[in-house]
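A look at the structure
Residues per chain are reported as follows:
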Amino acid sequence: MSFPIDPKQLQLGERQHFSGSSPRPRVQQRGKLPRHKQGEHFVKGPIPLDWLSRAAALPGKSIHMALVIWYAAGLTKSGTVAISRKWLALFGMNRYSAYRALTALEKQGLISVQRHRGRKPIVTLLDVPAGSQDSS
């Protein structure tokens, strides 16, 4: 009678053991950064680090909104973009969190927003305000 399970498949590998500490996964080292494949979407840069770090420090989904804006700016090749719900959905946002994030980014001076009732907000990317930089 033959067993359907091969006992060799149940053996622990060389680095595995039962001592309670899990073995470290092997990290494959690469010389190159990951790149998008042909036809795949990406966020176009460079994005100024000071701009991005200020957006990341804001509450809620502000960093998500910042990435939506930069993604849209890269697609349209313009610093002024109309933010669509389709783009918001790509980054896991709904319109309410988007409006709060737009307000936070605007108060920080990273963007300007033109709002019209019933229409998409028109967002313009701005340079980081001078004099408001942290000295860290």
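A brief report on the enclosed structure follows. (Residues numbered from 1 in each chain as written. Predicted model: local features only at pLDDT ≥ 70, side-chain atom pairs only at ≥ 80, totals over all residues. Heavy atoms only, no water.)

**Some words on the overall build of the protein**
Basically, it comes down to this: Secondary structure elements are defined from DSSP: runs of H or I of at least 4 residues count as helices, runs of E of at least 2 residues count as strands, and each element is numbered from the N terminus. Contacts between residues were defined by any pair of non-hydrogen atoms, one from each residue, lying within 4.5 Å. Each accessible area is a Shrake-Rupley estimate made with a 1.4 Å probe; only the visible protein chains count as cover when residues are assessed.
Along the protein, the regular secondary structure elements total four helices and three strands. By sequence separation, contacts in the protein at least 24 residues apart represent 50% of the contacts at least 6 residues apart. Accessible surface computed for the protein: about 10900 Å², of which carbon and sulfur atoms make up 54%.

**Here we look at the packing of helix H1 (residues 49-56) against helix H2 (residues 62-76)**
Helix packing geometry: the angle between the two helix axes and the distance between the axes. Test applied: Interaxial angle, 0 to 180 degrees, is taken between N-to-C directions of lines fitted to C-alpha atoms, where a helix line uses only the stretch in contact. In these notes the angle categories are as follows: under 35 degrees is roughly parallel, over 145 is roughly antiparallel, 65 to 115 is roughly perpendicular, and the rest is oblique. Residues are grouped as follows: Ala, Val, Leu, Ile, Met, Phe, Trp, Tyr, Cys and Pro are nonpolar; Asp, Glu, Lys and Arg are charged; every other residue, Gly included, is polar.
Closest axis-to-axis distance for the H1/H2 pair is 7 Å, and the angle between their directions is 140 degrees. On the basis of the axis angle, H1 is oblique to H2. Contacts between H1 and H2 involve Trp51, Leu52, Ala55 and Ala56 on the former and, on the latter, Ser62, Ile63, Ala66 and Trp70. When its residues are assigned to classes, the contact of H1 with H2 shows seven nonpolar, one polar and no charged.

**Details of the sheet that holds strand E1 (residues 80-82)**
Defined as follows: The criterion for strand pairing is that DSSP finds at least two bridges linking the strands in question.
Here we have three strands laid out as an open sheet, ordered E1-E3-E2, and antiparallel in their pairing. The sheet is open, and its two borders are formed by E1 and strand E2 (111-114), each paired with just one other strand. Neighbour-to-neighbour, the strand axes of the sheet open up by a mean angle of 25 degrees, direction not taken into account. The sheet contact formed by E1 and strand E3 (residues 122-125) spans three bridges and is antiparallel. From the neighbouring strand, Ala82 faces E3, where its bridge partner is Ile122.

**Brief notes about helix H4 (residues 95-108)**
For an α-helix, the turn length of 3.6 residues means that residues three or four places apart are oriented alike. This is how the line gets drawn: The span expected for a helix works out to 1.5 Å for each residue beyond the first. The buried label goes to any residue with under 20% of its type's maximum accessible area, the exposed label to any with over 50%, and the partly exposed label to all in between, with areas taken from a 1.4 Å probe on protein chains only. It is the directions from the helix axis to the C-beta atoms that the arc portrays. We call two N or O atoms a polar contact when they sit within 3.5 Å, provided that within protein one can donate a hydrogen and the other can accept it, with sequence-adjacent residues counted only if both atoms are side-chain atoms.
Relative to the 20 Å expected for 14 residues at 1.5 Å per residue, H4 spans 20 Å between its end C-alpha atoms, a close match to the ideal helical length. Residues Ser97, Ala98, Ala101, Leu102, Ala104 and Leu105 constitute the buried set of H4. Taken down its axis, H4 places every buried residue within 165 degrees of arc, on the same side. When the buried face of H4 is taken as reference, the exposed residues oriented beyond 90 degrees from it are Arg100 and Lys107. Looking at the buried side of H4, the elements it contacts are H1, H2, helix H3 (85-90), E2 and E3. Capping of H4 at its N-terminal end is provided by Asn94; its side-chain oxygen lies 3.0 Å from the backbone amide nitrogen of Tyr96.

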